[in-house]
Each structure stands twice: as C-alpha cells, then as structure tokens.
Amino acid sequence: MEPKGMEIINEYITLSTGGNGELIDLTGHLKAILDKSGLAKGIMTVFVIGSTAAITTFEYESGLIRDMTDLYEKLAPFGKQYAHNQTWGDGNGFSHVRAALQGPSLTIPFDGGALLLGTWQQVVLADFDNRRRSRKVAVNLLGQQ
C-alpha cells in the first residue's frame, strides 16, 4: 500500500469577546474545521493571535470556569501595579502576564477524523484583556486522509 501524502490546511476562527477573563469553548468550532478538512489523522495546532489571550484545555463547566478565573486572579491580580501599565498607560499589564503564563497555543492529535480529547476535555480561549476585542484564532492542520 502506497503511503498517502501529508496535507496542510489553515483556517481561522474570528470571535467578538468581552475581555476581562472571558473563557470561551472553541471545541465545536475546531471539530467543524476538522470535519470540513476531510483529514483522518494528524495534528491540529490552535494559536490565538495577540498577546492578551491564551489557549488551554479543561473541563468547560461553571465550577471549573470559576476556579480558573480565581486562579488567574491570584497569579496576576487585576489591581496590582504593573510596569507595563506605567510604560503604556493601558491598564492591561495583568492580561499580558496571564496570557504569557498560559501560552498562546495548543496541539491536539486527531485520528479517525476525530480530535483525541478526553470525554470532559474542551479547548478554551481565555481572553484576559480589560476590554472587548475581536479575536482571531489560527487553526493549522497537518495530516492525511
């Protein structure tokens, strides 16, 4: 049997967000992109464009959403004075720190045309900025049919 070639597919998700630590489940969007691609196995990289947002994975339910919000506030409090705020005067130093800690991307394997996520595992965009934003998430698939 001759091996099939690898394909690279790039897609984007654009969302309007409320900022202020909003956590948004992207899993449905990602599954739709994978379905549309026709790829059966490979890897999907999810990358948020911008320095005040992040990508992570956890069980997307109200209790854990609250727990994550509390954790981010403990790690990089909103009211603390940040050198970034003194440099730029935009008051969102906390959001840059939170995003840097969490990270802008996640790689997810897929097989049989399905993302290899746990039963209670969702992919989440964390918008840490202190204002509403239009967020763009780059989704890159590398795989084969």
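Residues numbered from 1 in each chain as written. Predicted model: local features only at pLDDT ≥ 70, side-chain atom pairs only at ≥ 80, totals over all residues. Heavy atoms only, no water.

Here we take up the pattern of salt bridges. Between side chains of opposite charge, a pair can form when the charged atoms approach closely. Taken as a whole and judged by the stated rule, the model has four salt bridges. Residue Glu-73 pairs with Arg-98 through a salt bridge whose shortest N-O separation is 2.6 Å. In this pair, Glu-73 is assigned in helix α2 (residues 62–75) and Arg-98 in helix α4 (residues 93–102), connecting sequence segments 25 residues apart. Look at Glu-73 and you get partly exposed, because its relative accessible area is 34%. Judged by relative accessible area, Arg-98 falls into the buried class, the value being 7%. (Salt bridge = Lys/Arg side-chain N within 4 Å of Asp/Glu carboxyl O. Helix = DSSP H or I, 4+ residues; strand = E, 2+ residues; numbered from the N terminus. Buried < 20%, exposed > 50% of the residue type's maximum accessible area, 1.4 Å probe, protein only.)

In terms of burial, strand β7 (residues 122–127) is largely enclosed, as six of its six residues are buried. Every second residue of β7 is oriented toward a common face, with Gln-122, Val-124 and Ala-126 on one face and Val-123, Leu-125 and Asp-127 on the other, all of them buried. Across four bridges, strand β2 (residues 22–25) lies against β7 in antiparallel orientation. Within β7, the residue paired with Leu-23 across the bridge is Ala-126. Pairing between strand β4 (residues 53–58) and β7: six bridges, direction antiparallel. Looking at the pairing, Thr-56 lines up with Val-124 of β7. (Pairing = 2+ DSSP bridges.)

Below, the discussion takes up the sheet that holds strand β5 (residues 105–111). Ordered in space as β1-β8-β3-β5-β6, the five strands form an open sheet in which the pairing is antiparallel. Each edge of the open sheet is held by one strand with a lone partner, namely β1 (7–17) and β6 (114–115). Judged from the six bridges that link them, strand β3 (residues 41–49) and β5 form a sheet pairing that is antiparallel. By the bridge assignment, Thr-45 is partnered in β5 with Thr-107.

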